[in-house]
Amino acid sequence: MNKFLFVLFSFIVFTSYGQLSKIDSLKIELKKESSKEKKIEILESLNKLLISHGNLENESIPYFVQMASLSKELGKVNLETRAYRYLSECYMRKEDFINAELLAVKSLNINDSLNNIENYLIDINQLGRVNHHFQKHQKAIDIYKKGIAAYQTKPIGKIISTIYSNLGLTYSSIGEKEKAIDYYLKGAEFAKKTKDFLSKSQAFYNIAWMYMDLEQYEKAERYFFNALKDSLKFELQTYTNRNHHGLGINYSRWGKYDLALEHNNIALKYYRKTGNKLYEFDVLNNIAVVYKKMNQTRNVINFANKALKIAEGINHKLAINGAKQTLSFAYIDLGQYNKAEKYLLEIAKDTVDINLISRESKMSIYQNLSSVYKGKKDFKKSLMYFTKFKNVNDSILIDKRDSNVTEIETKYQTEKKEKENLQLIADIIKQDLLIEKKNRQKQLFASLFGATIIVILIIVIYTRNKRHELLYNAQLDIARAKQIEHQKIGEDLHDQKAKILEGIVIELKKNKNITLANKVDAIKESIRKLSRELSHVSFEESEFDEQIITLLATYETKNFSVHQKGLFNIKWDTINNTIKRNLFIVIREGISNSYNHSNAKRVNLDFQRKGKQLYITITDDGKGFDKNKVLFGLGFTNMKMRINEINGNIKIESEKGKGTNIGIYLALA
Amino acid sequence: MKYHILIIEDEQDTFENMERRIHNNYHEAKISVASNCDLGFDIIKQNKVSFPVTLLILDLTFKNYYANQVIKNGKQLLKHLKINNLNIATIIYSSHDEMEYIHPVINNYHPKGYVIKSHNSSEELIFAIDRIIKGDTYFSQIVHQLQLQRFKYASKIDEVDEQIINFLSKANAIIDWEGKIIKDKAPLSYKSIKKRIDLLCDRLEVENDKQLLLKLQRLAII
């Protein structure tokens, strides 16, 4: 019974008061508007609201018709076919099969001719639903399958998951539960793929119903919860509460009455709020049934009466009968047979001769009537209804025996399906693990590769640095060897050659050969000077800065002075002696040049250290020279050589009349 | 035997001449001669207790090299003496008259005398010996000049400071300074002089003007 109601009204119905007021304002706006273009725009949003609102009464139809004619006039095919679909839905609600089918087919044909597969599938779904609604199940199945085939050639759109789900619904209607579950699962799968949680939730909801019918309440509960979980993702309360509703029924059947009442009450609150009468009726009826099972007869009558009132309010025959049946049960329990009789006879009129009504329902009515008359001590009537009850019951039992094998088979198939599903999940997990393993291997490989690259880089850098260091030191070693050689020559010149010359000078002076003596003396002096230049500069007794000061002090005269800057900011004791020696000699040479050749009055000597780099500049205010005309003398060549020897660079810049600038750059490691 | 004079000199002519001259002037002195620094250092050590060397006359450069030489030149010997705490009055007798040679020797080893060797410097050497035996110092004029020049440059002292330095040995009391130091053609007050003396003391790391005078003398600046 409940299931039947849900099959009948599975179309989305949800309402909100805010939307209602919006609908009204749009209607007024539409009236005022004269432009067709604007009108169609308003109609588009208005009709969307009407549909989502579930407001498909007669008064909505003119708007859909207007939308269809206007959009046709303006050549908006999409809107035109959509209007046909809306109308098809309206006629379906009005139980007008001919028009419902006609309009769905009209839309379908247009979209088919346009090869608009996405809309075509939506039309297929609508047409399928119409056929399903009017219990043309085989036709519905054919239509849905046609849609699925079309989708397989051209997979576009999200509607496919709904088509699968609806196909499942149709199969479930004709009792093919195995197939139904199969298609529901497919629907859920597609919904998951397209992240269409609404359809997924719907599919799970339907599966839950299937399991509930199969009396597998635990599984049903699980699917309801899954559906509930998904429904929370798109925040449509209708879906959420539908699952509460379903859970209420499931728990009621399962015998968990407290939970059944809890979920039914949640759903009831919502349906009352939104004014969805049919659903409210169903929930009230369910609650009554639960109380009946709990033997709380007063509550049964209370809720069943409420349900009946609503059913009568919406004038729904099936609902009215459902409520009356529940009431009759209660009155029988209370021994109020007249009331029970009245309701039962009212139901019987609509029930017993209609094939649509299940044998179980009929049987229950006969049984109850028999009980009623038995209670009223009208045993003849009681016997008559009991016989009818027995006949129906027997036919059911026979059928049951026959179907027992089928049932077992079905159960087996269902179990098998479950197992297959589990296997599928296991396979997926295995595959995931495999992928993860591969990924991890990839990562490991990548890390190893990275590490290898880093190690190679380190080795390359280390080797390069080492080579650089070796080259650097080799260069310094050469410079040092040269310095030692120079020192020996210098000492020899000073201690021996100069002394010999001095002796000659004395001899010559004794012999009064003054001219020659002076010449030899001059040679001696120049040899001493040379020896001085070649002599070893040691930093053992006197650090570089002290020696520079000594050097600069020797040049200090009235007309010439050297000013140093930054000399004492450098920790000279940390710098290699060979470097200092050559640097000292170059500075000495530079200042000597300024002093002897440039007519300079002032020389600036600047020192600057930046990390492992040392910059020295020697600038004078002398007459300078033309670099292009003056060939670099031995002095400059020597300076260059000495600086290069200690891994440095030297740049000598001069312009006639603008002084000379010597820039020295040294790498200290 | 009052003195023990050690001559370390590699030129035979020179050291024979020196030995003779010194002997002529100081009959009672014991004169030792070494032709290289290793031998000289041995003599110093051997006589350390019996008859220590009272005056060392040291050449700085030695032309002859020989195997297993330890102390190669005068500077190295001075270093050895310093390390071994052998405090011997020394006269450097060298032909090196360059500032870069003189300055480190004086600054590091504080010899009592420095005589520039030339063909007619033996008279000067005898004079230096005389001064030093009397507990004084003696430096050739050029040594003074160079040391003063360097000091002036390194310490950035002006003419007024120079006047003060030169007058330092002649001043015994505050009153002596009166009108002696002229700046911008006007005599400088003692207060200003004292300020400058204090700054000089700081620079040479001494405490008062007496110590300053001693240090300046020791460094051959005056």
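Treat the numbers as computed from the prediction; the structure is a model and nothing was measured.

1. Considerations on the overall build of chain B
- Regarding its fold elements, chain B presents nine helices and eight strands.
- Looking at chain B residue by residue over its 222 residues, the buried ones come to 51%.
- At a minimum sequence separation of 6, the contacts of chain B that also span at least 24 residues come to 66%.
- For chain B, the computed accessible surface area is about 11,400 Å², with 49% contributed by carbon and sulfur atoms.

2. A short note on the interface of chain A and chain B
- Listed by partner, the interface residues are 24 residues for chain A and 22 residues for chain B.
- Each partner contributes to the roughly 2,100 Å² buried at the junction of chain A and chain B, and carbon and sulfur atoms together form 46% of this total.
- Of all residues in chain A, the largest losses of buried area upon contact with chain B belong to Lys499(A), Glu541(A) and Thr550(A), amounting jointly to 27% of the total for that side.
- Here chain A and chain B share six salt bridges between them.
- We note a salt bridge from Glu540(A) to Lys79(B), for which the minimum N-O separation is 3.1 Å.

3. A word on the sheet that holds strand 4 (residues 89–94) of chain B
Residue and element names in this part refer to chain B.
- Strand order in this open sheet of six strands is 2-1-3-4-5-6, and the pairing throughout is parallel. A single partner strand is all that each edge strand has here, and the edge strands are strand 2 (30–34) and strand 6 (138–139).
- Pairing geometry for strand 4 and strand 5 (residues 113–116), over four bridges, is parallel. Paired with isoleucine 91 across the two strands is glycine 113, which belongs to strand 5.
- Most of the contacts of helix 4 (residues 99–109) go to strand 5, to which it runs at about 165°, and overall it touches strand 4, strand 5 and strand 6.

4. Side note on the pattern of salt bridges
- For the structure on display, the rule yields 35 salt bridges over all chains.
- Put simply, Lys524(A) and Glu525(A) hold a salt bridge, and the shortest N to O gap is 3.4 Å.
- A relative accessible area of 8% means that Lys524(A) is categorised as buried.
- One salt bridge connects Glu123(B) with Arg21(B), and the closest N-O pair in it is separated by 2.7 Å. Of this pair, Glu123(B) sits in helix 5 (residues 122–133) while Arg21(B) sits in helix 1 (residues 12–25), and the two are 102 residues apart along the sequence.
- A residue is classified by how much of its surface remains accessible, and Arg21(B), at 28% relative accessible area, is partly exposed.

5. Thoughts on the packing of helix 2 (residues 37–46) of chain B against helix 3 (residues 74–83) of chain B
Residues and elements named next belong to chain B.
- One way to put it is that helix 2 packs onto helix 3 with a least axis distance of 10 Å and a crossing angle of 25°. Put simply, helix 2 runs roughly parallel to helix 3. The interaxial crossing formed by helix 2 with helix 3 has right-handed handedness. Taken together, the residues of helix 3 that come into contact with helix 2 (itself represented by Cys37, Phe41 and Ile44) are Gly74, Leu77, His80 and Leu81.

6. Concerning helix 8 (residues 137–153) of chain A
- With 17 residues, helix 8 of chain A ought to run about 24 Å at 1.5 Å a step, and its terminal C-alpha atoms sit 25 Å apart, in line with that.
- Within helix 8 of chain A, the full set of buried residues consists of His137(A), Ala140(A), Ile141(A), Ile143(A), Tyr144(A), Gly147(A), Ile148(A), Ala150(A) and Tyr151(A).

7. Some remarks on the environment of Gly135(B)
- Here Gly135(B) lies in the loop between helix 5 and strand 6.
- Given a relative accessible area of 62%, Gly135(B) falls into the exposed group.

8. Some points on the packing of aromatic side chains
All names here are of chain A.
- All told, the structure shown has 31 aromatic pairs over all chains when counted by the stated rule.
- Residues tyrosine 151 and phenylalanine 190 carry aromatic rings whose centres are separated by 5.7 Å and whose planes lie at 90° to one another, so their mutual orientation is edge-to-face. Of this pair, tyrosine 151 sits in helix 8 while phenylalanine 190 is found in helix 10 (residues 177–193), placing the two residues 39 residues apart along the sequence. Phenylalanine 190 shares its class with tyrosine 151; the two are buried.
- A ring pair is formed by phenylalanine 445 and phenylalanine 449, whose centres lie 6.4 Å apart and whose planes are at 20°; its orientation type is stacked. With phenylalanine 445 and phenylalanine 449 both in helix 20 (residues 379–510), this residue pair falls four residues apart, about one helical turn.

9. Some thoughts on the confidence of the model for chain A
- In the predicted model, chain A carries a mean pLDDT of 83, and the fraction of residues at 70 or more is 93%.
- Note on residues 1–16 of chain A: pLDDT is under 50 here. Beyond four places in sequence and across chains, it has 50 contacts.

10. Quick look at unusual backbone geometry
- For Glu215(A), which is not glycine, the phi torsion reads 60° and is therefore positive.
- Of note, Glu215(A) is situated in the loop between helix 11 (197–213) and helix 12 (217–234).
- Relative accessible area serves as the criterion here: at 59%, Glu215(A) is assigned to the exposed category.
- Backbone geometry at Asn85(B) places phi at a positive 55°, although glycine is not the residue there.
- Inspection of the secondary structure puts Asn85(B) in the loop between helix 3 and strand 4.

11. Considering the nonpolar core
- Counting residues in hydrophobic clusters, the biggest one holds 98 residues, and the most contacted among them are Phe544(A), Leu583(A), Ile587(A), Ile591(A), Leu605(A), Ile664(A) and Tyr114(B).
- Of all the elements, helix 22 (residues 544–555) of chain A adds the most residues to this core, at seven residues.
- Setting aside residues up to four positions removed in sequence, Phe544(A) forms contacts with Phe539(A), Leu567(A), Trp572(A), Lys580(A), Leu583(A), Phe584(A), Ile587(A) and Phe607(A).
- Formed by 91 residues, the second largest nonpolar core is a distinct cluster that contains Ile207(A), Phe281(A), Leu369(A) and Tyr385(A).

12. Re the sheet that holds strand 3 (residues 613–620) of chain A
Residue and element names in this part refer to chain A.
- Spatially, 1-2-3-5-4 is the arrangement adopted by the five strands of the open sheet, whose pairing is mixed. Single-partner strands in this sheet number two, and they are strand 1 (561–565) and strand 4 (648–654). Between one strand axis and the next, the sheet turns through 10° on average, direction left out of account.
- Across seven bridges, strand 4 lies against strand 5 (residues 660–667) in antiparallel orientation. Among the inter-strand pairings, isoleucine 652 is bridged to a residue of strand 5, identified as isoleucine 662.

13. A short note on the pairing of strand 4 of chain A
- In strand 4 of chain A, alternate side chains face the same way, and those of Gly648(A), Ile650(A), Ile652(A) and Ser654(A) are buried while those of Asn649(A), Lys651(A) and Glu653(A) on the opposite face are not.
- Between the antiparallel neighbours strand 4 of chain A and strand 5 of chain A lie five residues, among them Gly657(A) with a positive phi of about 85°.

14. A word on the side chain of Gln69(B)
Residues and elements named next belong to chain B.
- Tracing the sequence through the fold places glutamine 69 in the loop between strand 3 (55–58) and helix 3.
- Residue classification places glutamine 69 among the buried positions, given a relative accessible area of 13%.
- Filtering out sequence-adjacent residues up to four positions away, glutamine 69 remains in contact with Asp38 and Asn64.

15. Section: the packing of helix 5 (residues 77–93) of chain A against helix 6 (residues 97–113) of chain A
All names here are of chain A.
- Running from N to C, helix 5 and helix 6 point in directions that differ by 160°, and their axes come no closer than 7 Å. Classified by the angle between their axes, helix 5 and helix 6 sit roughly antiparallel to one another. Helix 5 and helix 6 meet at a crossing whose hand is left-handed. Listed contacts from helix 6 to Val77, Glu80, Thr81, Tyr84, Arg85, Leu87, Ser88, Tyr91 and Met92 of helix 5 are Asn99, Ala100, Leu103, Ala104, Lys106, Ser107, Ile110 and Asn111.
- Here the residues of the contact of helix 5 with helix 6 sort into nine nonpolar, five polar and three charged.

Rules behind the numbers
Residues numbered from 1 in each chain as written. Chains lettered and ligands numbered in written order. Predicted model: local features only at pLDDT ≥ 70, side-chain atom pairs only at ≥ 80, totals over all residues. Heavy atoms only, no water. Helix = DSSP H or I, 4+ residues; strand = E, 2+ residues; numbered from the N terminus. Buried < 20%, exposed > 50% of the residue type's maximum accessible area, 1.4 Å probe, protein only. Contact = heavy atoms within 4.5 Å. Areas by Shrake-Rupley, 256 points an atom, 1.4 Å probe, with all protein chains shown as cover. Buried area = accessible area lost by both parts, 1.4 Å probe. Salt bridge = Lys/Arg side-chain N within 4 Å of Asp/Glu carboxyl O. Pairing = 2+ DSSP bridges. Axes fitted to C-alpha atoms, helices over the stretch in contact; angles between N-to-C directions. Parallel < 35°, antiparallel > 145°, perpendicular 65-115°, else oblique. Left-handed = near helix turned anticlockwise from the far one by under 90°. Expected span 1.5 Å × (residues − 1). Phe/Tyr/Trp six-rings, centres within 6.5 Å; stacked < 30°, edge-to-face > 60°. pLDDT = per-residue confidence, 0-100. Core = buried A, V, L, I, M, F, W, Y, C linked by side-chain atoms within 4.5 Å. Nonpolar A, V, L, I, M, F, W, Y, C, P; charged D, E, K, R; others polar.

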